[in-house]
Amino acid sequence: MGLEIGRMRDWNALGNIETVEVSARTITMNGRISIDDTEISRAKAVRDQIVALADNPDELFVPMKWDGDVTINSVVRPTSATATMDPGALERGWFPWKITADRVPNGSQPNVESPLIGGFRANAAGVAGPPGTVVPWHAVPYAALDYYDGASAFQSVPYLLESATGQVGFYPFIAGVGRKTARMAIPPANWYDGAACVEQAYPDGRYYTVHGRQLYSGLSSSGWRIGNGIIRITPGTGGALVLQAWDSATRAWGASHTLTLSAYDGSSPYTVNRINSVSILRNSPEECRIRIGLGLLSTGINYGHRTMLDIKIRRGARFVECRWTTLGTAMLGAITEAASTGGTTFTGGVVSGGPDAQGNLVAMFTPTFASITTGPIAMDSTGVGIRALGWSFGVGIVLAGAFAVNPNRSTDLRDQYFAPYGERMTVVGW
Amino acid sequence: MTVSKHVMAAGAFEIRLNSDVLPVPYSISDAFDINSYAFGHVLIIPSRVDPADFSDAQLLSLSVFTGIYQVQRDRTTLRGMHASGWLGDGNGKGAIEEAAITGTSTVANWITALRPTSLAAGTVSASAATLAWSTQLKTPRESIDYVVDAFGMEWEVTDQLTLNVNTVANLYGSTPTVIATPWWDGRDNELVGIRATFGNDSSAEDYTTRVFLVEQGGAPASANGTATVFKDGQGNAVVVKRYVDGSATVTAGTGGTVAAGQVAQWDQIDQHLTCTSDTFCAMADVRCGSTIYAYDPERNIYDTATQAHYGGDLVFPKSLRVQGIEMNVCDGMGVLFRDRDGVYTDLSDSVAWEAPGARLEVGAPQATLSEAMRRRGIRA
């Protein structure tokens, strides 16, 4: 009998369930991780996922699915999650585990509220709004029912976006800056469709989805990925970042686009040549944020000066939102997509000219003044008078490239980037 | 056992020394015997320091709270008020000016004339505007309160025992460097984050729809607030008028402007926030009187007109002034006593520490409905 709970989709790993105690309010499950004893890394990854179910402010509610009795499948609120490290566990990976959770009333198809705050990113690029150019948006699992975005007079049909983890419904709305409360019902089976997620690579080389904000000790600073099933960012070589889009036709990740970062403090140019650290700032299905420490190189010297890059991705986004910061000397920043040629500029951004193997293009945006060049596409805000301690930019994939239609064109992505929302989804029961 | 500061008011402190197992050595308590060392100073420093290694000026520059020692209890407890008490205490005592001070002077000249010798000159506005006034038999604080009001400024007594007078923006800066939020992600490169929980009290007790007054010479003046959205029990727009007595203070011909300024203060719901944090030393991160960001959307503490970058996100916090800070004195800090001769005694080894914590008063000062008002319909 297998169990799926939270982001753990490894049906077999939680297959050995010994007891399940159920009351009207709680459910308690005991078992042992059942994994081939040659897969100790996998067992430790699952253990780490289990124990992070509780005390996780980023995901108070998670879906639970047990094939032993499907009538109790629902969304639950984990209150305790433990694993025991006895000799059998450490040698063979058979960790005993115990999960206790509160049962959510109407949890088999819970209603959800998602307060959205924002709607416009102040900018010097000339992107107007609202109610001008920008397009605030909200994306939810396409299977969500009874949706209302909190702003529209009558709810339109969402755009359909394909992701590696399920279909996403994308709702644009133009209603100005403010706070809206979107409402919907989400079937537990579709809870993570198109969800934002962070993954970490265990010593076996496989990536496992992170629960909570705890990265395991010993994780390489380049052993992570952040994405939403539509696009993802992975560390490249030499401090670069690699941007990819999901190809729903081949059900595989598409062409790699290498992004390099550089800086200039007025006297010396620097390139980012390494990633020093990684940490998770937020890890929810609707939004994930990570922070990586970037190392600077100049004239053959690796400088230890602190510069941190925050990367945010929302469910349904086809771009990541980045904030690069430093201390002391204004110097940031520039970003280049190394291989692209013949790009086109537009207000607030640039898009590459030549399509990749999947026919997609790369687009970049920034709210600050920047020199924008097109071959290869790059944005550089390190010129005299505009160097800063913090620099924002977005990088995304234009799905279908020159043939893209709303809401996937490069200017659509720009309009969405300039209308950011912070979102915290919570179950309200009904 | 806390220390507190408030904008343009005297704060307070209480430092208790520990007598759990071993008694507090007399060699320490003798150094602050109130019969010899009343009006000495207590300095709170955000780390342990050996006072022998630093000059008096250096130690004062490190202080995040400097208090005036006034009460000794049971040999081992020190109490008093913040150094701003040198301008005069709440009971009207202080370095009262016995002779009249009269003139038409700039704010700098007024402050030079009114500043007590217990405080050194700090930074004072160079505004060329003048005030014609005369004062006598008032504490420096009472006189300076009037002067800074007249110039649209504030005063600040620093923990370095200096007196600053300027506009709020010039005293404290206008760009926040701190964000208080329960969604705490540590210190950013751009903003210092302090983990906080908020209490949110909103009050209509002082809500006003119209202000009228009588200016010098007896001419009436008035101003209406923004059109009200509130209604009384009969379905009428609420009418809450306020009378301001300006017959002695409002210059003839300026009553309309003064009334408009008054009604603008009161024609909206007054939101008062209390912010509780477990940060180690709030006074090191937050300057009392400065503006900070506060962000807790779940308690309606946000402002879509304000943007800030924090924790990898573009957030929409409220910009709020810190009206007061109350801070626990906790292990890791340094507590020094500075006697009348400028001799320092390190009390840190004997202090009964508390857990890290601080309470910030942010936003507008709250008008609370007192128990007396509930019972009798008048403010206590």
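Residues numbered from 1 in each chain as written. Chains lettered and ligands numbered in written order. Predicted model: local features only at pLDDT ≥ 70, side-chain atom pairs only at ≥ 80, totals over all residues.

Caption draft 1: A look at the domain arrangement of chain A. Residue and element names in this part refer to chain A. Splitting chain A by domain gives domain 1 (3-103), domain 2 (111-123 + 131-188) and domain 3 (197-418). Here the C-alpha centroids of domain 2 and domain 3 sit 24 Å apart. Across the contact, 19 residues belong to domain 2 and 15 residues belong to domain 3. Sorting the residues of the side of domain 2 that touches domain 3 by element identifies strand S8 (137-141), strand S10 (159-163) and strand S11 (166-172) as the ones contributing at least two each. In terms of residues, the side of domain 2 that touches domain 3 owes the most to one element, S10, which gives 4 residues. In the side of domain 2 that touches domain 3, the residues fall into 12 nonpolar, 5 polar and 2 charged. (Domains from an automatic or database assignment. Contact = placed C-beta atoms within 7 Å. Helix = DSSP H or I, 4+ residues; strand = E, 2+ residues; numbered from the N terminus. Nonpolar A, V, L, I, M, F, W, Y, C, P; charged D, E, K, R; others polar.)

Caption draft 2: Broad picture of helix H4 (residues 107-114) of chain B. Residues and elements named next belong to chain B. By the burial criterion, the buried members of H4 are Val107, Trp110, Ile111 and Leu114. Each buried residue of H4 sits inside an arc of 95 degrees when the element is viewed along its axis, so together they form one side. Tucked inside the fold, the buried residues of H4 contact strand S6 (101-106), strand S7 (120-124), strand S8 (130-135), helix H5 (140-151) and strand S10 (162-166). (Buried ≥ 20, exposed ≤ 12 C-beta atoms within 10 Å, placed from the backbone. Arc of directions from axis to C-beta.)

Caption draft 3: Spotlight on the interface of chain B and chain A. Each side of the interface is counted separately: chain B has 15 residues, and chain A has 24 residues. Considering each element in turn, the side of chain B that touches chain A owes the most residues, 3 residues, to strand S19 (residues 313-315) of chain B. Here the residues of the side of chain B that touches chain A are counted per class, giving 5 nonpolar, 6 polar and 4 charged.

Caption draft 4: Representation of the environment of B:Gly40 within the structure. Residues and elements named next belong to chain B. Tracing the chain through its elements places Gly40 in the loop between helix H2 (34-37) and strand S3 (41-45). C-alpha of Gly40 to C-alpha of Phe337: the two residues are 297 residues apart in sequence and 7.2 Å apart in space. In this structure, Gly40 is in contact with Phe32, Tyr69, Phe337, Arg338, Asp339 and Arg340, ignoring residues within four places of it in sequence.

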